[in-house]
Amino acid sequence: MVRELSLTPKQEEIIRISTYEPKRWNISVGAVRSGKTFLDFYRIPHRILSADEAGGIALVGNTEGSVSRNIIDPMRQMFGDKLVGRVKSGGTVRLFGRDCFIFGAYRSGCADKLQGMSLSYCYGDEITTWSEDVFRMIMSRLDRNNSIFDGSCNPASPSHWLKKFIDEGVRDGSVRASQFTIDDNPALPEKFVRDIKREYAGSVYYDRFILGKWKSAEGVIYREFADHPEDFIAKRIDPKEIIMADVGVDFGGNGSATAFNLTGYTAGYKRIYTLDEYYRQGIISPSELERDFVRFIRKSLARFPCLRDVYCDSAEQVLIRGLQNAARRERLPVEIHNAKKGDIGQRIRFYASLMSSGRYCISAKCPNTVRAFSEAVWEAGGTDRRLDDGSVNVDSLDAQEYSTERRMKDILAAGSF
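The following refers to the structure shown. Note that the coordinates shown come from a computational prediction; the quantities given were computed from them, not determined experimentally.

### Things to note about the packing of helix α4 (residues 132-141) against helix α5 (residues 161-172)
Packed helices, taken two at a time, are described by the angle their axes make and the gap between the axes.
Here is step 1: It is the contact of α4 with α5, at a shortest axis distance of 10 Å, that shows an interaxial angle of 30°. Considering the angle they form, α4 stands roughly parallel to α5. Here Glu132, Phe135, Arg136 and Met139 of α4 lie close against α5, whose contacting residues are Trp161, Leu162 and Phe165.
Here is step 2: Counted by class, the contact of α4 with α5 contains 5 nonpolar, no polar and 2 charged residues.

Now the structure itself:
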């Protein structure tokens, strides 16, 4: 059974205009949970049913999995299995009577899948996370007389290639851009809105994810921490409160340091603590690395026996195997894995959120990690890249992020989200 759609006044206006007076490009930009994607669950069926059958239909996101989670699965809940099928192994899905292609666009190589394809309709999810090469390829594939592109995204830097495309398209009349703030969605619970505004306060993400503005990432990354580091330092931590613990490892070299960070979690992820650290600059031999690692793990286990997993920089497989062999030889009850090393922007947003919500603290025994968060800055030029030129300590940040990366979704879900 098709579930009745409930749209906000702003969504109804955008649907009316973009459905009956569509531009070639119709892009919604704005805050998280602002309703910009929900309106597309109505717009996509209309586009598919009216699309030129001589051209194909594609739904594109950061990855194929994100398209399924963000678009296909919610539409199936709304319209049912008969109208919204399951994604097949070949990257196709049956939607409203048409076979549609699903693509990921996070890297330029994804554009190869579009070679030779003609598109009548394309929907784009999370466009600011795409490779520009894939976007340009899609432009060349929308070659029917009435080809249409709909899409949505959170804003990024004003210098982002998509911002330039939108601005040029608005001027020449080919693009309709709709902007959303979080307050454009009255269906959101008031507590959620209050909490998420607090969690992004004082960071570039407030402007982007709350106000829906294209905002440069400039200066200090963790402003709240840099201004008042003492608010995040725990002078005493009760080991009995720590029910799980992980270690992150970043390997050093010329101009960088080797760092181990021990992170502990209280019940329900109510608090996340950096419990201990190791920091050594310069190149060290594999035998020294293994010796220091064994000492650090033994010391950590003595105080926090719940430690089980270690996540290491996956770029150094020889060194990781050395640590694995040392752990087996010394009978250390830990599993050593490759770090996930996902998008650094997500890792930064994760810690900014924890800090703003008061859930993250650092032991006073970890001065290098305190300094690293205090001094973390964006690269010059308004990019979303963290400065990593040897002038600031990013090694402790990497080790800290590796230790929590595989738990990020669960930790955020346990909070206000």
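After that view, the rundown keeps rolling.
### Section: unusual backbone geometry
Here is step 1: With a phi close to 55°, Tyr269 is a non-glycine residue in the positive phi region.
Here is step 2: For Tyr269, a relative accessible area of 12% gives the class buried.
Here is step 3: In this structure, Arg331 is a non-glycine residue whose phi angle is positive, near 55°.
Here is step 4: Relative to the helices and strands, Arg331 is located in the loop between α10 (317-329) and β13 (335-338).
Here is step 5: The exposure class assigned to Arg331 is exposed, which follows from its relative accessible area of 76%.

### Looking at the pattern of salt bridges
Here is step 1: In total, this model carries 30 salt bridges according to the counting rule given.
Here is step 2: Here Arg94 ties to Asp99 by a salt bridge, and the two come within 3.2 Å at their closest N and O atoms.
Here is step 3: Judged by its relative accessible area of 40%, Arg94 is partly exposed.
Here is step 4: A residue is classified by how much of its surface remains accessible, and Asp99, at 47% relative accessible area, is partly exposed.
Here is step 5: Notably, a salt bridge pairs Arg386 with Asp398, separated by 3.1 Å at the nearest N-O pair. One end of the pair, Arg386, is in the loop between α12 (367-375) and α13 (395-404); the other, Asp398, is in helix α13, and 12 residues separate them in sequence. For the pair shown, Arg386 and Asp398 are each scored as buried.
Here is step 6: Within the structure, one salt-bridge network assembled from shared partners comprises Asp40, Arg43, Arg47 and Asp150.

About the thresholds
- Residues numbered from 1 in each chain as written.
- Predicted model: local features only at pLDDT ≥ 70, side-chain atom pairs only at ≥ 80, totals over all residues.
- Heavy atoms only, no water.
- Axes fitted to C-alpha atoms, helices over the stretch in contact; angles between N-to-C directions.
- Helix = DSSP H or I, 4+ residues; strand = E, 2+ residues; numbered from the N terminus.
- Parallel < 35°, antiparallel > 145°, perpendicular 65-115°, else oblique.
- Contact = heavy atoms within 4.5 Å.
- Nonpolar A, V, L, I, M, F, W, Y, C, P; charged D, E, K, R; others polar.
- Buried < 20%, exposed > 50% of the residue type's maximum accessible area, 1.4 Å probe, protein only.
- Salt bridge = Lys/Arg side-chain N within 4 Å of Asp/Glu carboxyl O.

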